Amino acid sequence: MAGDTNAVEVNFDGLVGPTHNYAGLSFGNVASKKNATAVSNPKEAALQGLAKMKALHDLGLSQGVLAPQERPDVHTLRRLGFSGTDADVLSAAHVHDARLLATCSSASSMWTANAATVSPSADTADGKVHFTPANLVNKFHRSIEHIVTGRILRSTFADTRYFSHHHALPSVEQFGDEGAANHTRFCRDYGDAGVEFFVYGRHAFDDSKPAPKRYPARHTVEASQAIARLHQLSEKRVVFAQQNPDVIDEGVFHNDVIAVGNRDVLLCHQEAFLDQASVLAELRSRMETELRVIEVPTTRVSVPDAVSSYLFNSQLLSVGSETHLVVPKECRSNMDVWAYLEALRDGDSPIDEIQVFNLTQSMSNGGGPACLRLRVVLSQEELAACNQNTLMSDTLYATLVEWVGQHYRDRLHEADLCDPKLLHESRTALDALTDILGLGSVYPFQQCS
Ligand code: SUG
């Protein structure tokens, strides 16, 4: 179905928060475990993320910013029985169990591909853009994100004439939802009704179905089906597919570590999906336009190389009439991956340009270019209705670089998380940020004072 020809994809990147650190919190995510206890550099992390946003803005793309969360999360620590002043809470949690304090201090909301699932108005029965924050229930440090994520999304997309916000799904493993990292949308032009592709890791209510053995499958089919219902999607334009459980066991903890799609292009590894030939056939049968699939063979790029280079955690972007692939610099350091990418660019593939970014601070926690962004397809009217302060511009970039310079540390270790000065610095930074982005009082510390 042809739609609004002026609709655009806006990438809303997560701003890295002041407590960015390496705590090894994500079992099944190889980089997170490998770098547990390393010293992080929050300032560099935030600037690396901002540099990517600015570069994409400079290419003429629409780029937005989503604010980080309040961390350490004293509110959650109080729910777990720690009391006294905020400094008492931090110190008691640290003495009792430093790991628990680390789980309440992660800057993991930077990976906004996990913030929510978004369905554009061209796909939904009521013609609104639908948002469901992901419950991220598989990892405690991430399961405490969705309430504030929901508030930030409501402040960014406030106009109820255009935007519909749902609560996160029930916070239980049966409805484990990891958001847009497991969701792709195919179409010819962004404003056309698209085919929404939901990829899940396991079935919660059917033990007979295959599941990974070593690492957790974070996302269930039941969660994907619930989102499709909430977002009022047409059954004719939805495809559900199971991730290959064997690749989850090799460290592919989200689908966006093994596949990426944009408009009519799908770049995926040969081993991405269970029964891949049928999945691709079903996608093709639902599309009204040709689906161009680049299936990367194992003989060219092994699954471990895909995981360490994050080749598939790239952004496929439409830049004018060209398609650009935004990859992390780890792709250039891997000979097989880089040779494959060069051949793609120089050969007869849909990919015209490759852009390489240094995102090492995020990458060391298993977060590449695609993890850092939430895609929101908007008509021009919807774009005009969203919070304009959150849209990247030369001025906003300069303001945020200065803000980072003023508030962020350049060195952080897990042992620093109990420092009450860090909490104070973080809250001061976020208070200033809510003014810059015009968000209102979205944080717990702003609501109880
Ligand atoms: O959920 N890492 C994140 C990385 C998320 C990447 N997102 C996508 N693939 N879309 C995660 O595993 C590590 C935190 C630590 O170990 O300190 C972490 O949460």
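Look above for the structure.
Everything numeric in this text was worked out from a predicted model, so none of it was measured. (Residues numbered from 1 in each chain as written. Predicted model: local features only at pLDDT ≥ 70, side-chain atom pairs only at ≥ 80, totals over all residues. Heavy atoms only, no water.)

K.L.:
Describe the site of the ligand, and please don't skip the residues or the numbers.
P.N.:
Contacts to the ligand come from 22 residues, most closely from Leu25, Ser26, Ser32, His141 and Asp256. Burial of the ligand by the protein amounts to 100% of the accessible area it has alone, namely 490 Å². Per-class residue counts for the shell around the ligand are eight nonpolar, eleven polar and three charged. (Near = heavy atom within 4 Å. Areas by Shrake-Rupley, 256 points an atom, 1.4 Å probe, with all protein chains shown as cover. Nonpolar A, V, L, I, M, F, W, Y, C, P; charged D, E, K, R; others polar.)

K.L.:
I'd love a proper account of the packing of helix 2 (residues 42-58) against helix 16 (residues 394-407), names of residues and values included.
P.N.:
It is at 10 Å that the axes of helix 2 and helix 16 come closest, and there the two elements cross at 175°. The orientation of helix 2 relative to helix 16 falls into the category roughly antiparallel. In this structure, helix 2 uses Lys43, Ala46, Leu47, Leu50, Ala51, Lys54, His57 and Asp58 to contact helix 16, whose residues at the interface are Asp394, Tyr397, Leu400, Val401, Val404 and Gly405. (Axes fitted to C-alpha atoms, helices over the stretch in contact; angles between N-to-C directions. Helix = DSSP H or I, 4+ residues; strand = E, 2+ residues; numbered from the N terminus. Parallel < 35°, antiparallel > 145°, perpendicular 65-115°, else oblique. Contact = heavy atoms within 4.5 Å.)

K.L.:
Talk me through the sheet that holds strand 4 (residues 129-133); I want residue IDs and the actual numbers.
P.N.:
Strand order in the open sheet made by the three strands is 3-4-5, with mixed pairing throughout. Looking at the sheet topology across the chains shown, the edges are occupied by strand 3 (116-119) and strand 5 (163-165). The average undirected angle you get between the axes of adjacent strands in this sheet is 15°. Sheet topology places strand 4 next to strand 5; three bridges connect them, and they run parallel. (Pairing = 2+ DSSP bridges.)

K.L.:
Explain the packing of aromatic side chains to me, using residue names and the numbers behind them.
P.N.:
As enumerated under the stated definition, the model contains twelve aromatic pairs in all. Ring geometry for Trp403 against Tyr408: centres 5.2 Å apart, planes inclined by 65°, an arrangement best described as edge-to-face. We note that Trp403, like Tyr408, is buried. Within the aromatic cluster, the residues linked to one another by ring pairs are Phe12, Phe131, Phe157, Tyr162 and Phe163. A cation over a ring is seen here: Lys54 above Tyr397, with NZ or CZ 5.4 Å from the ring centre. Directly above the ring of Tyr190 sits Arg263, whose terminal nitrogen or CZ lies 5.2 Å from the centroid. (Phe/Tyr/Trp six-rings, centres within 6.5 Å; stacked < 30°, edge-to-face > 60°. Buried < 20%, exposed > 50% of the residue type's maximum accessible area, 1.4 Å probe, protein only. Lys NZ or Arg CZ within 6 Å of the ring centre and 35° of its normal.)

K.L.:
Tell me about helix 10 (residues 276-286), residues and numbers included.
P.N.:
Of all the positions in helix 10, only Gln276, Val279, Leu280 and Leu283 are classed as buried. For helix 10, the angular spread of the buried residues around the axis is 95°, confining them to a single face. Set apart from the buried face of helix 10 by more than 90 degrees, the exposed residues are Ala277 and Ser285. Contact partners of the buried residues in helix 10: strand 6 (183-186), strand 7 (195-200), strand 8 (238-242), strand 10 (265-269) and strand 11 (292-296). (Arc of directions from axis to C-beta.)

K.L.:
Describe the layout of surface pockets, and please don't skip the residues or the numbers.
P.N.:
In this approach the atoms are scanned with a rolling probe the size of a water molecule, which exposes any empty space left behind. Put simply, the largest pocket is a space of about 370 Å³. If you go around the largest pocket, you meet 17 residues; those closest to its centre are His75, Thr76, Arg79, Ile144 and Ile147. Those elements that place two or more of their residues in the lining of the largest pocket are helix 3 (74-79), helix 6 (140-143), helix 7 (146-156) and helix 18 (444-447). Counting residues per element, the lining of the largest pocket draws most heavily on helix 7, at four residues. Partitioned by chemical class, the residues of the lining of the largest pocket number six nonpolar, six polar and five charged. (1 Å grid on protein atoms, 1.4 Å probe; cavity = no way out; pocket = protein on both sides within 12 Å on 5 of 7 lines; lining within 4 Å. Points joined across faces, edges and corners; volume = space filled by probe spheres on them.)

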